[in-house]
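Residue-level structural notes
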Amino acid sequence: MNEPGKEKRIFEILLEYRVWFFTLLLTDGLCALFLWLADIRLFRLLSGLLLFSSAAVCICTVFLLYRREKRRERLYTDFLDSPDPFHTEQAAEAVNGREQRQIRKTSKLLEAEAVKLSEERMERRGYEEYIESWAHEIKTPLSLITLMLDSRSDEMSEGVRTRLNCSQIQIQRYVEQILYYSRLKADHKDYVMEHLSLAECCSEALEEHRFFLQAYGFQVTETYDDSCVFTDRRGLLFLLGQVISNAVKYRKTDGTESRLQITAEHAEDGRSVLLSVTDNGIGVMKQDLPFIFDKGFCSETGESGRKSTGMGLYLVRKMADDLEIEVSAESEYGAGFTIRFRFCETRED
């Protein structure tokens, strides 16, 4: 079987060395002309041999050039994959003097870039380890705040207690964002995939944010069927937590009763499950909707949008992609926001 691209490479060789092949053919033609002028009978006798020898020379030349080019390409590929001194010298020996200097210069540049990249990786790893350590350490004072709110709340006024509780939940959410951001960037993902009831997971997420929702007067509606999905529990709870927090953050402040509706149902295709979370908040402007999952994107919708970090929905998209969950959103400005997660349905036998 012919090698893939062999004919194309041979054609490229013919084009690259066309001057020499043309010179060879011209020389053979002149020899044949002189032979015909000197002795036409001898020309007729030797013309076949002359034609055969010319063709043989061309074919052998193309074959040798093809073999040389293949070897050079292989050595150069090995050099690019591993530009160490051994591969550098092997690649340099296969080319002429000028190209040898270029290869050795390229080797030094690649070596310098490799050292720089290694240093950057070490710095990033140290930064990520510091962030993870900080995020875990800050959980201790957060736990103390929670304990104080639970044990001394009767000594506080209703307004102070509400503000402290909301602030504690917001800090906890930002800490979770940092932890999950580090988790998404890690080479090893510690996901535990299991069969989960969407009804149970949604109820757990709502319970975690119960005080937050009650503090801002949210009316929550839940509609579930017997949907079961195969995913990571912590990852799913993180997705739901971010969406619920956004619903609270972008609620209307004109006195409208805030509502949150969560629905889990089988999709029309019968092979997947849809989880929808809808609020009646301020929504997203049409021109901003295509960019809400972009890193750092902050909508100009309201005061909350201008203060946003632009990381919440970005992390939602990244986590959903990691867990192979399709995520989409729709909104009508001033009428609310809906985010949908599509899971491939799996059931335990």
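The rules behind these values
- Residues numbered from 1 in each chain as written.
- Predicted model: local features only at pLDDT ≥ 70, side-chain atom pairs only at ≥ 80, totals over all residues.
- Heavy atoms only, no water.
- Helix = DSSP H or I, 4+ residues; strand = E, 2+ residues; numbered from the N terminus.
- Buried < 20%, exposed > 50% of the residue type's maximum accessible area, 1.4 Å probe, protein only.
- Contact = heavy atoms within 4.5 Å.
- Areas by Shrake-Rupley, 256 points an atom, 1.4 Å probe, with all protein chains shown as cover.
- Polar contact = N/O pair within 3.5 Å; in protein donor to acceptor, adjacent residues only side chain to side chain.
- Phe/Tyr/Trp six-rings, centres within 6.5 Å; stacked < 30°, edge-to-face > 60°.
- Lys NZ or Arg CZ within 6 Å of the ring centre and 35° of its normal.
- Salt bridge = Lys/Arg side-chain N within 4 Å of Asp/Glu carboxyl O.

1. Digging into the overall build of the chain
- A count of helical and extended segments in the chain gives twelve helices and seven strands.
- Out of the 349 residues belonging to the chain, those deemed buried represent 33%.
- For the chain, contacts bridging at least 24 residues in sequence account for 69% of all contacts bridging at least 6.
- Carbon and sulfur atoms make up 55% of the accessible area of the chain, which totals about 22,300 Å².

2. Side note on the side chain of N280
- Relative to the elements of secondary structure, N280 occurs in the loop between β5 (272-279) and α11 (302-307).
- A distance of 2.9 Å separates the side chain of N280 from the backbone oxygen of E257, its partner in a polar contact.
- Only 2.8 Å separates the side chain of N280 from the backbone nitrogen of R259, close enough to count as a polar contact.
- Ignoring any residue separated from it by four or fewer positions in sequence, one finds N280 in contact with K252, T256, E257, S258, R259, A335 and G336.

3. Comments concerning the packing of aromatic side chains
- Applying the stated criterion to the full structure yields zero aromatic pairs.
- One Lys or Arg, R317, reaches over the ring of F293 and ends 4.3 Å from the middle of that ring.

4. Considering the pattern of salt bridges
- Overall, the coordinates contain four salt bridges when judged by the stated rule.
- Salt-bridge contacts for E204 lead to R233; the nearest nitrogen and oxygen are separated by 3.0 Å. In this pair, E204 sits in helix α8 (residues 198-208) while R233 sits in helix α10 (residues 233-249), placing the two residues 29 residues apart along the sequence.
- A salt bridge links E330 to R340; its shortest N-O distance comes to 3.0 Å. Of this pair, E330 sits in strand β6 (residues 326-332) while R340 is found in strand β7 (residues 336-344), placing the two residues ten residues apart along the sequence.

Remember, this is a structural readout, not a statement about activity or role.
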